[in-house]
Each structure stands twice: as structure tokens, then as C-alpha cells.
Amino acid sequence: MAVFADGALFWLYSVVVFSQFKPSEPFLVDFLVDVKGFTNHAVYQGFPLLFVTGVLSELDMAGQGVLFLGALCGFATVLLTWFGTSLLPQQIAQITVAANFASRFAVNAVVFQLAPSDTVQQHIHTMKAALLLSNAGSAILGEILRDQMKASFWVLYLMSAIATGLAFLCSIFLLNSKLQTSAPRRSTHPASDAFFDLVKIFKLPVVAWCTVWAMSVNPAHGVALTYWQNLLKDNFDVKDYNGYMLGASYLAAAGVVAVSRRSVLLRTSTAALVILSLLAMGLTLMGLPLCHNEFVFYIMLVATQCIFELSTTVFSFQVGNEVCKAVTDQDGPKETRLALLFCLTGVISGAVASLVQHVHPIAERFTFVAIALLVLAGVLSAFSCVRHLYCHFLPRVHRPAHDPFLVPATDMMPVTRRG
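Since this is a predicted model, take the numbers as computed values, not measurements.

The next point concerns the confidence of the model for the protein. For the protein, the average pLDDT comes to 79, and 77% of its residues sit at 70 or higher. At the level of individual helices and strands, the protein shows its lowest average pLDDT in helix α3 (residues 40-44), which scores 41, and its highest in helix α13 (residues 270-287), which scores 95. Scored below 50 in pLDDT, residues 1-5 makes 6 contacts in the model with residues more than four places away or belonging to other chains. Across residues 409-419, confidence stays below pLDDT 50; counting only partners more than four residues off in sequence or on other chains, it has 33 contacts.

Spelled out as C-alpha cells, the structure:
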């Protein structure tokens, strides 16, 4: 139980697990449409507020405060959805759910603040595994209660309210532990300093590679996770097993992430891992519309989920590690600003994802995204080869001092924590 040796980390894990345990989540639309009587249009409007709320929330670089706000909004979302009898509470819930989702970008930033530098990779992986296990357990439990035991929506929302309420209580303890575990910040920088810090951060080789990855793979995963049921029903005559399928995919991804938590290989080779991830995601997404066997379809969907979650975890660690090293350099950023960085990357990815929604029908959307990923993998492979030859043959004296995408061989040396 060394993972929980630090009290603040224990509360962080608790917040993550309880905040994700919502058995009512797979049936949200059914509840609002069938029980509350709202239209599908009314249910889905307001989600674009996620991006604005995310940026505003992540301006708190302390991290724990963002998670406290997110846990509070998560609890409020369940209550508003459960007890709201008019459209107004549901519209307010769109704002609270956006803030709750945005707060998740701060989790990895807080891990870098609390965990010893030699165990950060393990905690990043274990934290993601815990999150996925919570999602898996709640989805499977909700499906069993709803389908097998004919439980009412009231029971599912009661369980979700209890879990999110516990997450809120744990976030209070996490916020209090901040005074005991976090080193005091040197100063409060104005917005201009934050801007210049972000410019320097995005120029870091690992950050540049991972940002390109996020801008392409995050929207692709969003397409797969949102529309796989539509694609499945278009190709096969099947029943709705949303909870079981989501649970199985989260469970498999949690296992892959947990097993790789000590992998030395995943600490380096950013460029190669980005290209391999793009190729793997492109191939699985390309195969989904072409599947003529339901079992193979499920296997490819689970593979897509595992590739995405493992890659997200690996690159979150690599980016955080690179930024933590950069702040020790004289010309580097003054603050890590990891929460703001992860949120901004999410906003950029969301903007790209909105463009993908214009591709119809669903099968062509999957194919379009898959081809885009494969083409990007080819371009980055060619770029990487040219860059390698350029660095090999060009005399060192003529090489640029700061070259984005040029990842040095020792890019993942142990970091020194900085307040």
C-alpha cells in the first residue's frame, strides 16, 4: 500500500475514484428524455460551455482548488439532474458538468506536485487505472441493476449522489492537506508571464510531439466513444449493452495502464510512441466500419480504448516530466503551469473534434478519421527520418539551439521537484 503512504495522495485517489463512480451515467439521456420529458435538443445544448469553463477553472495552478471546485460541481450535477423538474436546472447542470469535466485536467498536475519524482510515473499510471476501474465498475453495476434487477432511475441516482458526495468530502481533505504537503509558490505572475511561459512550454520537443498527438487522437477517440453504438446498430441487429461494453473496455484499459506503470521504455522515445499510437488508432478505427463479425467489432473497440488510454497516460507523464525539467533551466518557463497546459490542449483538441462532426454518415466519419491518422503518421515518420538525417550529418555548430520536435536521447532523466 505504498501508493497511499502520502495522505494527500490518498485523498487525491479517493476524489478520482468516487467522482467517476456514477451508475446512472449510461442512462443519462434515457432519464432526461423518458422520465423528465425533455427533447434530445434540450438535453445536448450547452455542452460547448465545457471549453470556456475549463479555461477559467484551470487558471488556478494550485490544482487542489480546481479539484475541489470540480468535485462540488460533480455533486451538484447529479442533484440537479435528479431533482430538477424544469429545463432551467438541467441547463445549470450543463455548466456544472462542464466545470467538473474541466477539473480532471488538474489531476495529473497535482500528482506532479505531491508525488516524489522517482514515483511520478507509477502514480500517473495508477491514478489513470483507478479512474478507469471506477468507470468500469459503475457502468457494469448500472447495467446489471437496470437490466437484470429492474432497478429504478431513483436507485441509480441515489448511488451516484452518494459517490459524488464522498468525492466532494475527500476534496475538502485534499484541499486542507495542500497546506501541509505543497511548497509555497514563489510569486503570483501576471497574465503576460503565463502567456510567455506557455509559449516556451509548447516549444519543448516532447510537448510539441504530444500536442500534435492530442490534436489528432483525442478527436478520433471521441468519435469512437460517441458513435460506436450507431455504427454497431447499422451493421448488426443487436441489443443495447452500452454499460457492459463500456465497462469491459474501461476494465481492459485499466489493466494495460496498471501493468505498464514501471515501464522504462515508456519514459522515452516520444516520437516513436506518437507515430505508433497514430498507426494503431488509425488501423483499429479503419477496421470498425468494415467488420462483419460482432465479436471482432467489440475486440477492435476495446483495442481502441486501450491504445488511447495507455497513450494518454504515457504522454501525460512525459509532458509533465519535460516541463518540470524545463523550469530548472535559466531560459525555461518560470512555472510549470501543467493544469493550464493540459486544459489548453483539451480545448484545442475539442476545436478539432467539432470539425469532424460535419462528416456524414457515421461510417464515413470513422473512415475519414482513420485515414487522417494514418496520413499524419506517415508525415510524422517522414519528418522524423529527415530530422534524424539532418541532425546526423549537419555539423553540431550549425544546429539550432532550441528545435521543437528534436527530442534528445536523454529527454527523460529524473526530474528535480520544484515548488
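Still more to cover.
Attention now moves to the packing of aromatic side chains. Aromatic ring pairs: the centre-centre distance and the angle between the two ring planes describe each pair. Following the criterion strictly, the structure yields 9 aromatic pairs and no others. Centre to centre, the rings of Phe68 and Phe168 are 5.5 Å apart; their planes meet at 35 degrees, and the pair counts as tilted. One end of the pair, Phe68, is in helix α5 (residues 64-83); the other, Phe168, is in helix α9 (residues 153-181), with 100 residues separating them in the sequence. Overall, the relative accessible area of 19% leaves Phe168 in the buried class. Relative to Phe317, the ring of Phe112 has its centre 6.4 Å away and its plane inclined at 15 degrees; by these criteria the two rings are stacked. Of this pair, Phe112 sits in helix α7 (residues 106-114) while Phe317 sits in helix α14 (residues 294-326); the two residues are 205 residues apart in sequence, bridging distant segments of the chain. An identical accessibility class is assigned to Phe112 and Phe317; each is buried. An aromatic cluster is built from Phe10, Trp11 and Phe173, whose rings are joined through pairwise contacts. Above the face of the Tyr227 ring, Arg365 is positioned so that its terminal group lies 4.5 Å from the ring centre.

Turning to its location among the elements, Gly247 is positioned in helix α12 (residues 242-259). For Gly247, a relative accessible area of 0% translates into the label buried. The sequence separation of Gly247 and Ile140 amounts to 107 residues, and the corresponding C-alpha distance is 5.3 Å. If we ignore the near neighbours within four places in the chain, the residues touching Gly247 are Ala136, Ala139 and Ile140.

In this structure, Leu285, Phe297 and Phe366 are the most contacted members of the largest nonpolar core, which totals 85 residues. Top element by residues in this core is α14. It accounts for 15 residues. In this structure Phe297 touches Trp228, Leu231, Leu232, Phe236, Leu288 and Cys291, once residues within four positions along its chain are discounted. Counting residues in hydrophobic clusters, the runner-up holds 8 residues, among them Leu145, Ala151, Tyr157 and Ala161.

Glancing now at the pattern of salt bridges. With the rule as written, the count across this model stands at 2 salt bridges. Between Glu309 and Lys128 there is a salt bridge, with its nearest N and O atoms 3.1 Å apart. In this pair, Glu309 is assigned in helix α14 and Lys128 in helix α8 (residues 120-148), connecting sequence segments 181 residues apart. Close ionic contact of Asp197 with Arg337 constitutes a salt bridge, the shortest N to O distance being 2.7 Å. In this pair, Asp197 sits in helix α10 (residues 191-202) while Arg337 sits in the loop between α14 and α15 (338-356), placing the two residues 140 residues apart along the sequence. By relative accessible area, Asp197 is classed as buried at 3%. Of the residues examined, Arg337 reaches a relative accessible area of 4% and is grouped as buried.

Right, let's talk about the environment of Leu231 for a bit. Looking at the element boundaries, Leu231 is found in helix α11 (residues 205-235). Residue classification places Leu231 among the buried residues on the basis of a relative accessible area of 1%. Spatially, the C-alpha atom of Leu231 lies 9.0 Å from that of Phe366, the residues being 135 residues apart in sequence. In this structure Leu231 touches Leu288, Pro289, Phe297, Ile362, Ala363 and Phe366, once residues within four positions along its chain are discounted.

Another point: the packing of α8 against α14. At a closest axis distance of 9 Å, the pairing of α8 and α14 adopts a crossing angle of 145 degrees. Where α8 crosses over α14, the two elements pack in a sense that is right-handed. Of the residues in α14, those in contact with Val120, Gln121, Ile124, His125, Lys128 and Leu132 of α8 are Glu309, Leu310, Thr312, Thr313, Val314 and Phe317. Considered class by class, the residues forming the contact of α8 with α14 number 6 nonpolar, 4 polar and 2 charged.

Classification of Glu309 as buried rests on a relative accessible area of 7%. When near neighbours in sequence (up to four residues on either side) are disregarded, Glu309 contacts Lys128, Leu132, His221, Tyr250, Ala253 and Val257.

A few words on a nonpolar patch on the surface. A cluster of nonpolar side chains, namely Trp154, Val155, Leu158, Ile162, Leu166, Leu169 and Ile172, defines an oily patch on the protein surface of about 580 Å² accessible area. Along the chain, Leu166 falls in helix α9.

So, how was this worked out
Residues numbered from 1 in each chain as written. Predicted model: local features only at pLDDT ≥ 70, side-chain atom pairs only at ≥ 80, totals over all residues. Heavy atoms only, no water. pLDDT = per-residue confidence, 0-100. Helix = DSSP H or I, 4+ residues; strand = E, 2+ residues; numbered from the N terminus. Contact = heavy atoms within 4.5 Å. Phe/Tyr/Trp six-rings, centres within 6.5 Å; stacked < 30°, edge-to-face > 60°. Buried < 20%, exposed > 50% of the residue type's maximum accessible area, 1.4 Å probe, protein only. Lys NZ or Arg CZ within 6 Å of the ring centre and 35° of its normal. Core = buried A, V, L, I, M, F, W, Y, C linked by side-chain atoms within 4.5 Å. Salt bridge = Lys/Arg side-chain N within 4 Å of Asp/Glu carboxyl O. Axes fitted to C-alpha atoms, helices over the stretch in contact; angles between N-to-C directions. Left-handed = near helix turned anticlockwise from the far one by under 90°. Nonpolar A, V, L, I, M, F, W, Y, C, P; charged D, E, K, R; others polar. Patch = residues over 30% accessible without salt bridge, like charges linked within 9 Å, V, L, I, M, F, W, Y side chains within 5 Å. Areas by Shrake-Rupley, 256 points an atom, 1.4 Å probe, with all protein chains shown as cover.

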